[in-house]
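Chains, contacts and geometry: an overview
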Amino acid sequence: MTLDARERLIVALDLPSVKSAEAMVAKLGESVCFYKIGYQLAFAGGLPFAAGLIAAGKQVFLDLKLHDIGNTVSKGVESVAQLGATFLTVHAYPQTMKAAVEGKRGSTLRILAVTVLTSYDDADLAAAGYDLGVGELAAARAAQARDTGIDGLVCSAEEAANLRGIVGPGMVLVTPGIRPAGTASGDQKRIMTPARAIEAGADYLVVGRPVVEARDPKAAADAIVAEIEQVTGK
Ligand code: C5P
């Protein structure tokens, strides 16, 4: 993949209002070209805001983790594609993934599948009625995602090497849980530094608090980009 280091950094705008998100984007300026918008901001005016970001030349990852009957998913994905987003997440259920791939047809939107939520362990899966453990279910869903024509996976950096072996070089791996050395881990349990995550096979890094809660967010973003560049050489 021929991405510049800066294109690999996705800053999570986990902020409560469009006003606070606008202020953060202004602070980050040219240092960040890719933003993730999740539930919190999406349901607080974040979709028109996303359209504005795209019009301003930024890339947008809508982390909406869709899951519904196929027709509903497919129509929802069509609308997201019209918005001009670059990435959209769906849960890695076969029907949902198939519908998402149909819905994005003809657009540049790329669908990312969430295999198993990182807050789930084997006991949570058993409580939800699954016989498989986290590792087995994630591997099975990664293979289904590949076979369905999904563009990429969201995964922890720890899983990246194993999942790369399953999906091959054609799918993108997008990893949250990134913590530059010396920053607080917060509630993330499986963390990796930017450089190690790239070495493990991640194509894109999602970083929230280490950037948006930094005293100098722009400097924090630039430092992450520099760390990525040390590994990728560009
Ligand atoms: O602040 P922090 O860097 O931990 O933010 C990580 C972002 O990635 C958050 O928006 C979080 O919802 C998201 N994410 C995650 N783990 C996943 C999937 C998404 O942390 N498995």
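Preceding block: the structure.
So, here's what we can say about the structure.

Rules behind the numbers
- Residues numbered from 1 in each chain as written.
- Predicted model: local features only at pLDDT ≥ 70, side-chain atom pairs only at ≥ 80, totals over all residues.
- Heavy atoms only, no water.
- Near = heavy atom within 4 Å.
- Polar contact = N/O pair within 3.5 Å; in protein donor to acceptor, adjacent residues only side chain to side chain.
- Areas by Shrake-Rupley, 256 points an atom, 1.4 Å probe, with all protein chains shown as cover.
- Nonpolar A, V, L, I, M, F, W, Y, C, P; charged D, E, K, R; others polar.
- Pairing = 2+ DSSP bridges.
- Helix = DSSP H or I, 4+ residues; strand = E, 2+ residues; numbered from the N terminus.
- Axes fitted to C-alpha atoms, helices over the stretch in contact; angles between N-to-C directions.
- Contact = heavy atoms within 4.5 Å.
- Buried < 20%, exposed > 50% of the residue type's maximum accessible area, 1.4 Å probe, protein only.
- Right-handed = clockwise from strand over helix to strand, strands pointing away.
- Parallel < 35°, antiparallel > 145°, perpendicular 65-115°, else oblique.
- Left-handed = near helix turned anticlockwise from the far one by under 90°.

**As for the site of the ligand**
Around the ligand, the surrounding shell consists of Ala 12, Asp 14, Lys 36, Thr 118, Pro 176, Arg 179, Gln 188, Val 206, Val 207, Gly 208, Arg 209 and Pro 210. In the environment of the ligand, an oxygen atom lies 2.8 Å from a nitrogen or oxygen atom belonging to the backbone of Gly 208. With the chains in place, 83% of the 460 Å² that the ligand exposes on its own is no longer accessible. Partitioning the shell around the ligand into residue classes produces five nonpolar, three polar and four charged.

**Details of the sheet that holds strand β1 (residues 9-12)**
Backbone-to-backbone hydrogen bonds join strands into a sheet, with any given pair of strands oriented parallel or antiparallel. Spatially, β1-β2-β3-β4-β5-β6-β7-β8 is the arrangement adopted by the eight strands of the closed barrel, whose pairing is parallel. Direction aside, neighbouring strands of the sheet carry axes that sit 25° apart on average. Pairing analysis gives two bridges linking strand β7 (residues 172-175) to strand β8 (residues 204-207), with the strands arranged parallel. Bridge pairing in β8 links Val 174 to Tyr 204. Sheet contacts for helix α2 (residues 39-55): β2 (34-37) and β3 (59-66); angle to β3, the most-contacted strand, approximately 150°.

**Notes on the pairing of β2**
Burial of the side chains of β2 extends over both faces: Phe 34 and Lys 36 are buried on one face and Tyr 35 and Ile 37 on the other. Assessed by its sense of winding, the connection that carries the chain from β1 through helix α1 (residues 18-28) to β2 is right-handed. Alignment of β2 against β3, held across four bridges, turns out to be parallel. Bridge assignment links Phe 34 to a residue of β3, and that residue is Gln 59. In this region the chain leaves β2, passes through α2 and returns to the parallel neighbour β3; the handedness of that crossover is right-handed.

**Quick word on the packing of α1 against helix α10 (residues 217-232)**
Where α1 contacts α10, the axes come no closer than 8 Å and their chain directions differ by 60°. On the basis of the axis angle, α1 is oblique to α10. Where α1 crosses over α10, the handedness of that crossing is right-handed. Here Met 24, Lys 27 and Leu 28 of α1 lie close against α10, whose contacting residues are Pro 217, Lys 218 and Ala 221. Here the residues of the contact of α1 with α10 are counted per class, giving four nonpolar, no polar and two charged.

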